[in-house]
Each structure stands twice: as C-alpha cells, then as structure tokens.
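These are the residues of each chain, in order.
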Amino acid sequence: MAKYMSMDNLRFVLHEMLNVEELCNLPRFSEYDKDSFDILLDSVKGAADQYMYPTFRDCDHDPARFEDGKVIVHESVDTMMKQAGENGTIGMTFDYEVGGMQLPHTVEVACGHIAEAANNNLTGYTGLTNGSANLIVTFGSQELIDTYVPKMLAGKWGGTMCLTEPQAGSSLSDISTSAKLNDDGSYNIVGQKIFISGGDHEYCDNFVHLVLARIEGAPAGTKGISLFVVPKNRIQEDQSLTSNDVITAGDFQKMGQRGYCTTHLVFGEKDDCKGWLVGPENKGLKCMFQMMNAARIDVGCTAASVATAAYYASLQYAKERPQGRRILSGGVKNVEAEQTTIINHPDVRRMLLLQKSVIEGSLALLLQCSKYQDLAEHGPEDTRTQNHDLLELLTPIAKTYPSEMGRVSISNGLQIFGGYGFCTEFPLEQYYRDIRIMSLYEGTTGIQSLDLLGRKVVSKNGEAMKLLTKEMIETIKSASNYDDLKPYAEKLKEASKTLESTLMHLLQFAMNGQHERYIADATIFMELMSNVTIAWQWLKMATVAKTALVTGNMTFGSEFYENKIHTMKFYYKYELPKIFSASETLKHKDSLTILEENKAVLA
Amino acid sequence: MKQLVCISKTPETTAKINFKDGNTAFDESGVQFIMNPYDEWYALVRAIELKESLGGTVTVINVGPASNDVVIRKALAIGADEGIRVDAEPKSALYVAKQIAANAEGFDLVYCGKETIDYNGSEVGAMVAEYLDQPFVSFATKLEVEGNSATVTRDIEGGSEISKIDTPFVLSAAKGMAEQRIPNMRGIMMAKKKPLNVVEPVGFDDKVVVSSFTLPDAKTECKMIDPENMDELVRLLQEEAKVL
C-alpha cells in the first residue's frame, strides 16, 4: 500500500512537540495515558488502511448521485458509519455520560488526520454527525439528547448542518426558513436548504438535521435566527419512524469530494415538518458558531491531510521516475549516463520541500490549536481564558492556511508528475480537485480573513495578539540556545515585528473611521499572519528536533530530526520572506479594490 | 477453555533495519514497533473468536522489557483477558520458548503466529510444544473446537491437510485463520484495567550465540523494456542479469 501520511511525524508533533500526554494529568483525561493514545492512533491507521485508503479513488470514480429520488453513495460509507459507530470514534470527545470517550480534541484531530489523508470523501459523514450531536448535547434538552444522540454516536443516524439557503450563503442574516410554534412545543418548519453535506443516503436509517430558521415574529438579521433539530423521520410512540416531510430535492455534482454527497433539502412542503428548538430562541447562530470553530479546525485538518497524501504520492513518484541527468561540475551533462530519478533535480526537490513545509507546518498548527482547545475547556482554571483567546485568534488561520497553501502544495506535487499529473491514472488530479472546497467550506477565505482582521486581532484590546507574541518569544528564546538556530530565531523576531507594524498601520484606518479600507485587504493580512504563524511552528519543531539530536534522546532515527531542521531552513528561505511583499501591499497608499462611485474599473 | 497466545514485538514493516556491535545485534534506535501481524491478526483474533463462542479466557504472553507493554496492552484492547510479560530480553527463539513454556502449563490451546516478520524463524511454536510435550500443528489456516477436540486445517504443498486433534496442543497460525480486528475505543480503555502480570524469567543456559547479521541484497532497479524490442530483453538477460 502506498504511503499516504506519516505516523512518525504525527507522533513527533503529539508527543515530542506538544507533549500531549500531559493532558492526562487533567481530571477529564485521567483514564488515558500515552500508550492508550498510541494504540488508538494505530487502530485508526488500521481502519484507514483496511477500507478507507483502498476506496479513495472508487469514491471519485463512482460518485455520490441523486437517482430516482434517492441519494446513492459508495458502499464504503456504510462500512465507515458502522465501524465508526461500533468503535466509538464518532463521539470520542463527548462526556462518558452521553456515551462518549472523553478523549482530548488533540487526539481526535490526530485521528482525523489519519482518516482524512486516507480518504477525505468519507470522513465528512461521521464528522458532521459528531458536530450536530455535539450541538444537541451542548444546547439541547435532555429529551432531545436521549432521543437522538445515542443513535448518532452509534453511526445509525447521520447528522447534518443546514445553514445555507439559495439566497443566503455567507450572509446568514438573510435566511428565510421559518418556524411556527405548535401547541405541543414543537415547531412547523418550512423552507429550503442547499449545499447540505451528507444530507441523505441509504446507509443511515434517519438523518438529524440541525436547521437555522426564523421563528415567526423574530427580529430581522442574525439576532432573529434560532436553531432546530429537524429529523428526516419522526419517531412515533411505538418508536417506529414516520416521514417528517423532509424531502431531498436533488444533489450538487462537484469538481471534488465527489464521494461526499451534497444535497438540496426541502422542509415542510406538505406543512408537516416538525422541528424542536435547540438552545434559546433567537440564539441559533451563536449556538451554531460554537460548533463552527471546531468545524473550521476540521476543515483545516482535512486540507492538511489531503495535501499530506498528495505529498507522499509525489515523493514516491519522484523517487521512481527516471528523467534527465544531473548537471555535473563544469556545467555539462553526461548524456551517456543512465537517467537519474527526478528527485535528484533541485527544482523537483524545491517543490517537494515546499509540500513538506506546508503540510507539516499546517499539522503542527492544527494540533497546537486543538491543545489550546483542550486546555481552554478542561485545563487549570487560571489558564483557560488565555488558551481560549489563543484558539479564537488562530482558528481562522488554522482553517485558511492549510486550505490555501495546501492547494498550492498539491499543485506543486502535480507538477512533479509532469503531464501524468494531469491524467486520471495518478491520484494528484483528484487531490487537487478534492482540496479546492476547503477554502470555501465553513466560511470562505475572505470570511476567515474578515474574522481575523476585523474581529480576532482586535478583540479584548488585542489581548490575544499579545499572548501569541508571548508564545513566539518563548520559542525564540528556546531556539536561541542553539547557535545554528539563532539566525532563524532572529528572523522570526523580525517577522513578528513586521506583523505588528503592519497591523498598527492598518489600525489607523479603523481608528479614523475608514473601516472598509481597514478590512479591504484582509486576505493579504491573512497571508502575512499565517506565514509568520507557520514560521513560528517550524522554529518550534526545529528546536525540539535539535534538542533530540543534542541529547540523543531520540524516538526516531537521527535523519528524521535532521530533516525537520532542514525543512525549517527551507521555509525560512523560500516562504517567510513573502511577508515583506505582503506588508508592502498592505501599507501601500493606494486602495485599488474599494468601489468608487462613477468609476467602472471592472467594466 | 483456557487459551494462551504468544505475541512478539516486531519492527514496523517500513522500518529501516540496521545492526550494531559488529553486526551482532539489531539496532533499535529510531525503529517503531508493532505486534507481529501473524500473532495479532490470526492467532489472537481466532482465540478471541473462540472465547466469544465457547467461553473461557484468552491470556497473552510476551517475553521482553517494559517497553513491550504497549504491545500487550493492544492485545488486551483487542479482547484478551490478561497479559503476562516475562521480564527478560528475548535472546533467542529457544530462550523465548523456554520462558513461554514455563508459563504455559494448564492451557488447552497455545497459539503462535506462523513466524515473526523480523527474523522469520518459525521456531518458537514447535519449541514450546516440545517443552510442554504437546502436539504441534504448524501453518494452521482454520481452527474449529468442539469440547476437547479440534479440527485444524493447515496449508501444505499444493493443497491443505485437515487434522483432528485433542487439546491440549500448540499451533502456529497463518493467514486465513481470522480477519484482522481493530481495537475499539472501549477496548482500549478497558485494556488499562485488565491484569498485566510481570514475571521473572526462569534460569536457562542459552547456547545460542549470534555471529553476525547481514542485510539481504538491495532490491535491484527495475528496467522497462519495450515489448517490441525482444532482442534488447534477451541481451540484458544474458549480459547484465546473466540468467540466460
């Protein structure tokens, strides 16, 4: 079987960089230890090898589709739901009381990385079931929890998130699905939802839709949106299921993730669709966004994982494909010599190193964020706020950087294949198509960038930014203990100052009331800050690797640690300098993208 | 029915193998380890299946240092009831067999994998049987048990052989005996609470001394020859591969 991810790298980040086992000292995770995490990771890898990776291409070639009123999906979805339900992986972070396993989010994301690298077309089915069950557990009544959650965690019932409507995508304030209170406390739901991932298929007995809708008379805008549980089938008194007037009207055929069905749902066409309120009236968006942060980490992780699988496919090809000859000293080629494999050409190595630096940097950041989440929810009381603030600040980056740069990384991987990369014979074209959705899911890159610059960096008077700077200073200090890492510590210090000065420059616009100017280039700011953040993660990894080499306390071969340092150096030479051009753009006096009346530039 | 499954820790299949101490010892640095797949996928899983259908217990045994506990924990997570670790370096197949035999009295069935994927010795099972003075069936691909009688199918050259045999006996399990079983979350949690008994090794004058290890020849490069160019293929087979 081809390699699609690195368990060594995953263990390095989890154990050596993040010391995840220290979470076991917290009461929440006291049942676990390092061995139990490792056994779990191995078992997820076993399942991924067994039925996920082998069906990755089939899910694309035999895509999900709507036929004769039914959604047809690949049979591996059946295996996935059953195994995930039986193995307990759907609710791995849930409380024991509701049937969960109380595992750390960090371990959950690590498991997700393995599965998503194996087959990203399957993981959304269980991921959304997890997310929607989590909403019910967090905000729903005990009755709703008892009715829906056990079957969802068992993989028998699927879960979905129903936000988007034909006229309301990124702008959720415009949704029009309505909810009318009935005498029995339920609501009659009427409306349409589109782009509903995992919305219907034959391998689940029922679907539990978490639907955003407006209660009659609710205020306009986001302040009038409530959240409802709306099952596809209602449960009758004898526990049998009857239709709840939720109709699958069609599906969307997509360029990627073709095994992951995307449906169009119609609620209440016969005025017989019942829903039950989750959380307080008119607070639906707030409830949904609690889940949305976790979903954004998941999307970032999927992007990093797809790009990881693409990297290993490119690496294997580069090692096997003979083409051309190395240039010898003197600038000549020995045309009589046998062709060399393309991994020996500098430009191919550059592309592979770019891939490696993007995927490993991304994974480190994602797991770092997950650890912040664990500590924010279950860590010592006096550290929860700061971990929460760091998580909030970094979530848009953890979602966006892997999605955007993962795509760039796969594009470079595809390039390594030459013309074959464009052919369906090799998997790169599928990885390239599959990752494309990641910068759209759960808030586009534009939305994430607005969130970062417009909200996160300035929240609590910039407190989170100060915390992030403090974290970076810690890393700079540790790296400075080693002479050969000192120049890179200095570069991170300089990068951090560039980030700060650029932000200060932009803030002047906000302070002067030029809010549109302030956020006009938010996406460029996202690129800058993401780059600095990933550089921080790389210096952190390199320092851990250097320590292992110096002390001889190595879990892996010395080559592994040396490669980490080499890749950090690559990142600092090839990627980090891009922040200076981003900064120049952000500080440029011209604002060329803001609409000016009577000036039709884009005619 | 009391069943004992011998489990080994072996390097992960993609590990780079090196030797140290003048090529007399395996260099474990940087190597990730797993449970020997023949022990796990076939021997252990079949034992658990029989426990589930017939009742009784499954005990796993390993000879090795404390770092092997993770492998035993995995076996417990898959469904074994208790573990035994003989706290000693597994110096040779004979030494390991002696230690296992010393802890294998009173079991109806003792399983090994058909071989480990590192040294590929296929020795321990037969040696344990000899020490226990019990029958031994090698390369078993199917096992059914009824009362104290078992029917065992084993692969032989060109076909298979079916034997009837009374317990107790020792067998080595090969592919076909069972399907890989992945530990579930509850199993992983339960594993921490199941007994893992660490016992001291019995004294044994091991006569086996390793002179040296060598790696197999590196895989040679594959050359693609145009199917229309048979002359070139013959030339290469004669002049380079020297097989014609």
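Let me begin by describing the structure that accompanies this report. Computed from a predicted model, the values in this text were never measured in an experiment. (Residues numbered from 1 in each chain as written. Chains lettered and ligands numbered in written order. Predicted model: local features only at pLDDT ≥ 70, side-chain atom pairs only at ≥ 80, totals over all residues. Heavy atoms only, no water.)

On the side of chain B, 20 residues touch chain A, which itself brings 28 residues to the contact. A buried area of about 2100 Å², summed over both sides, lies between chain A and chain B, and 57% of it is on carbon and sulfur atoms. Linking chain A with chain B are 4 salt bridges. Note that B:Arg73 and A:Asp35 form a salt bridge whose closest N and O atoms lie 4.0 Å from each other. Every element with two or more residues in the side of chain A that touches chain B is listed here: helix H1 (7-17), helix H2 (34-52) and helix H4 (76-87) of chain A. (Contact = heavy atoms within 4.5 Å. Buried area = accessible area lost by both parts, 1.4 Å probe. Salt bridge = Lys/Arg side-chain N within 4 Å of Asp/Glu carboxyl O. Helix = DSSP H or I, 4+ residues; strand = E, 2+ residues; numbered from the N terminus.)

What follows covers the packing of aromatic side chains. Taken as a whole, this structure holds 25 aromatic pairs over all chains when the rule is applied. A connected cluster of aromatic rings, assembled from ring pairs, spans A:Phe12, A:Phe556, A:Phe560 and A:Tyr561. Residue placement shows B:Lys2 over the ring face of B:Phe107; its charged tip is 4.8 Å from the ring centre. (Phe/Tyr/Trp six-rings, centres within 6.5 Å; stacked < 30°, edge-to-face > 60°. Lys NZ or Arg CZ within 6 Å of the ring centre and 35° of its normal.)

For the rest of this paragraph, the subject is a nonpolar patch on the surface. A cluster of nonpolar residues, B:Val234, B:Val243 and B:Leu244, forms a patch on the protein surface that exposes about 290 Å² of accessible area. Topologically, B:Val234 is positioned in helix H6 (residues 230-239). (Patch = residues over 30% accessible without salt bridge, like charges linked within 9 Å, V, L, I, M, F, W, Y side chains within 5 Å. Areas by Shrake-Rupley, 256 points an atom, 1.4 Å probe, with all protein chains shown as cover.)

With that out of the way, let us pick up the environment of A:Tyr311. Residue and element names in this part refer to chain A. Tracing the backbone through its elements, the reader meets Tyr 311 in helix H8 (residues 284-320). Assessed through its relative accessible area of 7%, Tyr 311 is described here as buried. Linking Tyr 311 and Gly 413, residues 102 residues apart in sequence, is a C-alpha distance of 6.3 Å. When residues no more than four places from it in sequence are discounted, the contact partners of Tyr 311 are Leu 352, Gln 355, Lys 356 and Ile 359. (Buried < 20%, exposed > 50% of the residue type's maximum accessible area, 1.4 Å probe, protein only.)

Attention now moves to the sheet that holds strand S13 (residues 196-199) of chain B. Residues and elements named next belong to chain B. Taking strand neighbours across the sheet as the criterion, the 9 strands line up as S11-S10-S9-S12-S8-S1-S6-S7-S13 in an open arrangement whose pairing is mixed. If you trace the sheet from one side to the other, it starts and ends with strand S11 (159-166) and S13, each paired once. Going from strand to strand, the sheet's axes swing by 30 degrees on average, the running direction of each strand aside. Against the sheet, helix H1 (residues 37-54) engages strand S1 (2-6), strand S6 (57-63), strand S8 (109-113), strand S9 (136-146) and strand S12 (169-173), with an angle of about 150 degrees to S8. On the sheet, helix H2 (residues 69-78) packs against S6, strand S7 (82-86) and S13 and is oriented at approximately 160 degrees with respect to S7. (Pairing = 2+ DSSP bridges. Axes fitted to C-alpha atoms, helices over the stretch in contact; angles between N-to-C directions.)

Okay, the side chain of A:Glu108 next. All names here are of chain A. Structurally, the position occupied by Glu 108 is in helix H5 (residues 105-118). Of the side chains with opposite charge, Arg 28 comes closest to the buried, unpaired Glu 108, at an N-O distance of 9.7 Å. The contact partners of Glu 108, leaving out residues within four places of it in the chain, are Met 92, Thr 93 and Asn 130. (Lys, Arg positive; Asp, Glu negative; His and termini not counted.)

This part covers the state of the cysteines. According to the stated counting rule, one finds 0 disulfides over all chains in the structure shown. The closest cysteine sulfur to the non-disulfide-bonded A:Cys162 is located on A:Cys273, 9.9 Å from its own sulfur. You can see B:Cys6 has no disulfide; the closest cysteine sulfur is in B:Cys112, sitting 3.8 Å from it. The exposure class of B:Cys6 is buried, given its relative accessible area of 5%. (Disulfide = S-S within 2.5 Å.)

A few words now on unusual backbone geometry. Both trends apply: most residues other than glycine have a negative phi, and most peptide bonds are in trans. For the peptide bond that leads from B:Thr167 to B:Pro168, omega is 0 degrees, which places it in the cis range. Along the chain, the position of B:Pro168 falls in the loop between S11 and S12. Look at A:Gln102: it is not a glycine, yet its phi comes out positive at around 50 degrees. Of note, A:Gln102 is situated in the loop between H4 and H5. We classify A:Gln102 as buried; its relative accessible area is 9%. A positive phi is found at A:Glu442, a non-glycine position, where the angle reads about 50 degrees. Position of A:Glu442 relative to the elements: it lies in the loop between helix H11 (428-435) and helix H12 (445-456).

The subject of this paragraph is the pairing of S12(B). All names here are of chain B. The buried fraction of S12 is high, at 5 of 5 residues. Burial along S12 is two-sided: Phe 169, Leu 171 and Ala 173 and Val 170 and Ser 172, pointing in opposite directions, are all buried. Bridge analysis of S8 against S12 gives 5 bridges, and the strand direction is parallel. Its bridge partner lying in S12, Gly 113 is registered against Ala 173. Both S9 and S12 contribute to a ladder of 3 bridges, which runs parallel. The residue of S12 that forms the bridge with Val 137 is Leu 171.

Attention shifts here to the pattern of salt bridges. Residue and element names in this part refer to chain A. Applying the stated criterion across every chain, the model contains 46 salt bridges over all chains. A salt bridge links Asp 389 to Lys 460, with the shortest nitrogen-to-oxygen separation between them at 2.9 Å. Residue Asp 389 is located in helix H10 (residues 381-416), and its partner Lys 460 is located in the loop between H12 and helix H13 (463-479); the two are separated by 71 residues in the primary sequence. Under the relative-accessibility criterion, Asp 389 is labelled buried at 9%. We note a salt bridge from Glu 392 to Lys 456, for which the minimum N-O separation is 3.9 Å. Pair noted here: Glu 392 is in helix H10 and Lys 456 is in helix H12, with a separation of 64 residues, a long-range link. The exposure class of Glu 392 is partly exposed, given its relative accessible area of 22%. Within this structure, Arg 57, Asp 60, Arg 258, Glu 429 and Arg 433 form a network of salt bridges that share partners.

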